[in-house]
Amino acid sequence: MDAETAAGAATSEAVEAFDIAQIMRAIPHRYPMLLVDRVVEVRKNVSAVGIKNVTINENYFQGHFPEHPVMPGVLIIESMAQTAAVLVVETLGPEARGKLVYFMTVENAKFRKPVVPGDQMRVHVVKERQRGNIWKFQAEAKVDGKVVAEANYAAMILDR
C-alpha cells in the first residue's frame with residue numbers, strides 16, 4: 001500500500017453492502033455481462049470486496065469448456081473491473097452520475113487456479129492511486145480464501 005492509499009485508509013468511510021439492485025444503479029452492466037452479484041464491503045476511495053457466485057447456468061460454460069467448465073480469465077478480470085467501478089461510483093457520489101468507467105490497461109494478470117461452477121469468487125480491489133480521471137487498482141480474486149487470479153489495471157472515468 002503506497003503512502004497515498006495509506007492516508008486515504010485513515011480517513012475512508014465504510015459503506016453498507018450493495019445488493020444486486022444497487023449495483024445495477026451504480027454501473028450500466030446487465031446480463032450476460034454483469035459479473036458481480038454483491039459488494040459486501042466498500043471503503044470509499046480505498047477498497048471494495050465484491051462477490052461473484054459462479055453457476056453452471058452462466059452462458060459462457062456452453063463453450064468454455066462443455067466437458068470441463070472453467071470461467072474464462074478475461075471474465076474474472078471483468079469482475080474485478082466491475083467491483084472497482086462500484087468503488088469509483090460510490091467514492092465520487094453524485095459527481096459520478098452520467099459517467100462510465102472504461103478499462104485502459106491490464107498488467108501482471110496471473111491465473112492461479114481454475115474457477116468452476118459452484119465456486120463463490122470474492123474479488124478484493126484496492127485503489128492504488130488516482131490522478132484526474134485516471135484510477136489505478138490492484139485486485140485479487142479468491143475462492144475459499146485462496147487466490148485464483150490477480151491483476152493490476154487502470155480505468156478512465158468519462159461521460160457517457
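Residues numbered from 1 in each chain as written. Predicted model: local features only at pLDDT ≥ 70, side-chain atom pairs only at ≥ 80, totals over all residues. Heavy atoms only, no water.

## Thoughts on the UniProt feature "active site" (unreviewed entry) in the chain
What counts, and what does not: UniProt positions are given in the numbering used here, feature names are shortened, and annotations may be inferred rather than shown by experiment. When checking whether two residues touch, look at their non-hydrogen atoms; a contact exists if any pair is within 4.5 Å.
UniProt records the feature "active site" (unreviewed entry) for His64 in the present numbering. Once residues lying within four places of it in the same chain are set aside, the contact partners of His64 are Pro69, Val70, Met71 and Pro72.

## Some thoughts on the nonpolar core
Definition in use: Working definition of a nonpolar core: buried Ala, Val, Leu, Ile, Met, Phe, Trp, Tyr and Cys residues. They are joined through side-chain atoms within 4.5 Å. Burial status follows relative accessibility: with a 1.4 Å probe on protein chains alone, a residue under 20% of its type maximum counts as buried, one over 50% as exposed, and anything between as partly exposed. Only DSSP runs of H or I reaching four residues or more are called helices, and only runs of E reaching two or more are called strands; each is numbered from the N terminus.
Ranked by internal contacts, the top residues of the largest apolar core, which has 41 residues, are Met71, Met80 and Phe137. Elements represented by at least two residues in this core include exactly helix H2 (20–26), strand E2 (38–43), helix H3 (73–92), strand E5 (120–131), strand E6 (134–143) and strand E7 (146–159). By residue number, the principal contributor to this core is H3, which donates 11 residues. Leave out the neighbours within four places in its chain, and Met80 touches Val123, Val125, Ala139, Glu140, Ala141, Ala149, Glu150, Ala151 and Tyr153.

## What to know about the sheet that holds E7
Going by this rule: Any two strands between which DSSP finds at least two bridges are classified as paired.
The 7 strands are arranged E1-E2-E3-E5-E6-E7-E4 in an open sheet whose pairing can be described as antiparallel. Only two strands of the sheet have a single partner each, and these edge strands are strand E1 (14–15) and strand E4 (99–111). In this structure, strand E3 (residues 47–53) lies alongside E5, joined through 7 bridges in antiparallel fashion. Paired with Lys52 across the two strands is Met121, which belongs to E5.

## Here we look at the pattern of salt bridges
Threshold: Between Lys or Arg on one side and Asp or Glu on the other, a salt bridge is scored when a side-chain nitrogen of the former is within 4 Å of a carboxyl oxygen of the latter.
The full count for this structure, using the stated rule, is 6 salt bridges. In this structure, Lys44 and Glu90 form a salt bridge, with 3.8 Å as the shortest nitrogen-oxygen distance. With a gap of 46 residues between them, Lys44 in the loop between E2 and E3 and Glu90 in helix H3 connect regions that are remote in the sequence. Judged by its relative accessible area of 23%, Lys44 falls in the partly exposed class.

## Considerations on the environment of Val101
Along the chain, Val101 turns up in strand E4. Residue class for Val101 comes out partly exposed when judged on its relative accessible area of 27%. If we ignore the near neighbours within four places in the chain, the residues touching Val101 are Ala85, Val88, Ala155, Met156 and Ile157.

## Here we look at the layout of surface pockets
Worth spelling out the cut-off: With a 1 Å grid laid over protein atoms only, a set of points is called a cavity when a 1.4 Å probe fits there but cannot get out and a pocket when it is open yet has protein on both sides within 12 Å along at least five of seven lines; lining residues have an atom within 4 Å of a point. Grid points are joined across faces, edges and corners, and a volume is the space filled by probe spheres set on the points. Nonpolar residues are Ala, Val, Leu, Ile, Met, Phe, Trp, Tyr, Cys and Pro. Charged residues are Asp, Glu, Lys and Arg, and all others, Gly as well, are polar.
Its boundaries defined by the atoms lining it, the largest pocket holds a volume of some 250 Å³. Around the largest pocket sit Phe18, Gln22, Arg25, Ala26, Val89, Glu90, Gly93, Ala96, Arg97, Gly98, Lys99 and Arg160, which together line it. Listed by contribution, the elements that provide at least two residues to the lining of the largest pocket are H2 and H3. Per-element tally for the lining of the largest pocket: the top contributor is H2, with 3 residues. Of the residues in the lining of the largest pocket, the class split is 4 nonpolar, 3 polar and 5 charged. Reported here for the second largest pocket is a volume of approximately 150 Å³. As for the second largest pocket, its lining consists of 13 residues, of which Glu78, Ala81, Val101, Tyr102 and Phe103 are closest to the centre. Of all elements in the fold, only H3, E4 and E7 reach the threshold of two or more residues within the lining of the second largest pocket. The leading source of residues in the lining of the second largest pocket is H3, at 5 residues.

## A short note on the pairing of E6
Of the two faces of E6, the one lined by Trp135, Phe137, Ala139, Ala141 and Val143 is fully buried and the one lined by Ile134, Lys136, Gln138, Glu140 and Lys142 carries no buried residue. With 10 bridges joining them, E5 and E6 adopt antiparallel strand pairing. From the neighbouring strand, Lys127 faces E6, where its bridge partner is Phe137. Of the strand pairs in this sheet, E6 and E7 are connected by 10 bridges, and their pairing is antiparallel.

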